[in-house]
Amino acid sequence: MPDFEYVAREMSGRQVTGVLTAASKQDAVRTLAGQSLFPIQIDTAKTAESTEANRSKRVRSRHLVALYSQLADLLHSGVPLLRSLEILEQQASHPGLARVLQEVREQVADGTRLADAMNQHPRIFNELAVSMVRAGEEGGFLEDVLKRIATFTEHQEDLKSRVVGALAYPLFLLVMGIVVVTGMLLFFVPKFAPIFDGLAERGQLPLPTKLLLGFSQLLQNHGLWVIAGIVAIGWWGKQLLNSEEGRRRADTLRLKIWGLGPILRNLAIARFCRILGTLLRNGVPLLPSLRIAKDATGNKLLSEAIGTAAENISSGKTLARPLAASGQFSREVIEMITVGEEANNLEKVLLDIADNMERRTNRELELYVRLLEPIMLLVMATLILFVMVALLLPVFQSASAFN
């Protein structure tokens, strides 16, 4: 049986914490009640085995695609969920995935829902997959959702492969350019410094040359500190992204990136519309559907906007008006949702919106990826050009002074 970490209050009001063993959360609540404790929070304890699984390397997308597809096929064939998880655990070729499936199966056997069990392994199952599984469990169409997750994961992997393939050459040139420029700053540029001393004393040294010499001296005198600073900034950024406020700021920034921001916004809205439409089509009420589908966007800012819309709907308002007030949805989407509500076929309209937006944004994303290659080459050329100009400007200036 699993262990549960709990936070509870005694009859006197004093808060206590501890760990207990129970078959499920419901049994844990009953055990605490028998001890005259009022539970505030109960979570599955992180054992050494689960911690090792969570810290294991990420599972490749191809393994996850096979997992989702096979689980959907087993469920569609009438195999019970526990037996399906056991079969997939035995057939898993990835050791880390096999351990995770074992833990998921044990938690489901103890009464935990599949989505909640998957949510305990964020390095394996992302937020979108968990929210879609939760939607499938809520609406009773889990196998269809798993098929869709497999298709989406495969599509994302194909897109990632195309992006990496398109950027491999310019990234290689950019890295080599940075290496060459760094070598020049450390070993080549310092040899020019005595030549430029005269111009520097007269205050006639061009600004690009001053900057280049400054960078060179910085790397020579404080190169290790520069590397340590970059590592520290990277660690701080990673810690910031692990917090709720940090994720919200990062998601807000992503939506403002030139060219890419609108694409990411449309893809998130398309995922939201597809899950919401699927839930409504399967008979799930609008308010619970919104609370489930808002997590499928993968963006904190959009999720909060949809959550606010859900609160307004519970007060008797329509869906289109609060979504329009959030400022996150385009006028075209709002008008189509309005028409769907008036015609009483909102679920069909939402699925049409998802299809149209996915086709359009996929084309825009491919164009954006193609534009990245010349942009990266331009960045590299600009970097090299700056070094050359900074070195040649004093030479030209000295030559013109002699003439």
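Residues numbered from 1 in each chain as written. Predicted model: local features only at pLDDT ≥ 70, side-chain atom pairs only at ≥ 80, totals over all residues. Heavy atoms only, no water.

Undergrad: Any chance you could explain the overall build of the protein chain here in plain terms?
TA: Looking only at helices and strands, the protein chain features 17 helices and three strands. Radius of gyration (C-alpha) of the protein chain: 28 Å, far over the 22 Å computed for a compact globule of 403 residues. In terms of overall dimensions, the protein chain has C-alpha extents of about 95 × 55 × 50 Å along its principal axes. Per-residue burial over the protein chain gives 38% buried out of 403 residues. A total accessible area of about 23200 Å² is found for the protein chain, and carbon and sulfur atoms account for 58% of it. Side chains of the protein chain carry 44 positive and 41 negative charges; the gap between the two charge centres is 5 Å. (Helix = DSSP H or I, 4+ residues; strand = E, 2+ residues; numbered from the N terminus. Rg over C-alpha atoms; globule rule 2.2 N^0.38 Å. Buried < 20%, exposed > 50% of the residue type's maximum accessible area, 1.4 Å probe, protein only. Areas by Shrake-Rupley, 256 points an atom, 1.4 Å probe, with all protein chains shown as cover. Lys, Arg positive; Asp, Glu negative; His and termini not counted. Charge placed at Lys NZ, Arg CZ, Asp CG, Glu CD.)

Undergrad: Just checking my understanding: could you explain the side chain of Arg274 for this structure?
TA: In this fold, Arg274 is placed in helix 12 (residues 260-281). You can call Arg274 buried: its relative accessible area is 10%. If sequence neighbours within four positions are ignored, Arg274 has contacts with Arg148, Leu351, Ala354, Asp355 and Glu358. (Contact = heavy atoms within 4.5 Å.)

Undergrad: Would you mind going over the packing of aromatic side chains with me for this structure?
TA: To describe a pair of aromatic rings, one takes the distance between the centres and the angle between the planes. Throughout the structure, instances matching the rule amount to one aromatic pair. Between Phe272 and Phe329, the aromatic rings sit 6.1 Å apart at their centres with planes inclined by 65°, giving edge-to-face as the arrangement. Highlighted residues: Phe272 in helix 12 and Phe329 in the loop between helix 15 (320-326) and helix 16 (331-343), separated in sequence by 57 residues. You'll find Phe272 and Phe329 in the same group, each marked buried. (Phe/Tyr/Trp six-rings, centres within 6.5 Å; stacked < 30°, edge-to-face > 60°.)

Undergrad: Before we go on, may I ask you to explain the environment of Glu201 in this structure?
TA: Among the structural elements, Glu201 can be located in helix 9 (residues 197-201). Residue classification places Glu201 among the exposed positions, given a relative accessible area of 70%. The spacing of Glu201 and Asn356 is 155 residues in sequence and 65 Å in space, taken between C-alpha atoms.

Undergrad: Mind showing me how you'd approach the confidence of the model for the protein chain here?
TA: Any residue range with low pLDDT should be treated as having predicted coordinates unsuitable for detailed reading. Averaged over every residue, the pLDDT of the protein chain is 80; residues scoring 70 or more account for 91%. Per-element mean pLDDT across the protein chain ranges from 44 in helix 2 (residues 48-55) up to 90 in helix 4 (residues 81-91). Confidence drops under pLDDT 50 across residues 47-56; counting only partners more than four residues distant or on other chains, this segment forms 14 contacts. (pLDDT = per-residue confidence, 0-100.)

Undergrad: I keep staring at the packing of helix 7 (residues 127-139) against helix 12 and nothing clicks. Help me out?
TA: Helices that pack against each other are described as a pair by the angle of their axes relative to one another and the distance between those axes. Two numbers describe how helix 7 lies on helix 12: the axes approach to 10 Å, and their chain directions differ by 15°. With respect to their mutual orientation, helix 7 and helix 12 come out roughly parallel. The crossing of helix 7 and helix 12 is right-handed. The residues of helix 12 that touch helix 7, namely those facing Leu128, Met132 and Ala135, are Arg271, Ile275 and Leu279. (Axes fitted to C-alpha atoms, helices over the stretch in contact; angles between N-to-C directions. Parallel < 35°, antiparallel > 145°, perpendicular 65-115°, else oblique. Left-handed = near helix turned anticlockwise from the far one by under 90°.)

Undergrad: Mind showing me how you'd approach the packing of helix 4 against helix 5 (residues 95-109) here?
TA: Closest axis-to-axis distance for the helix 4/helix 5 pair is 9 Å, and the angle between their directions is 165°. Relative to helix 5, helix 4 is oriented roughly antiparallel. When you trace helix 4 past helix 5, the crossing you get is left-handed. Contacts between helix 4 and helix 5 pair Leu81, Leu82, Leu85, Glu86, Leu88 and Glu89 from the former with Ala98, Leu101, Gln102, Val104, Arg105, Val108 and Ala109 from the latter. Looking at the contact of helix 4 with helix 5, its residues break down into nine nonpolar, one polar and three charged. (Nonpolar A, V, L, I, M, F, W, Y, C, P; charged D, E, K, R; others polar.)

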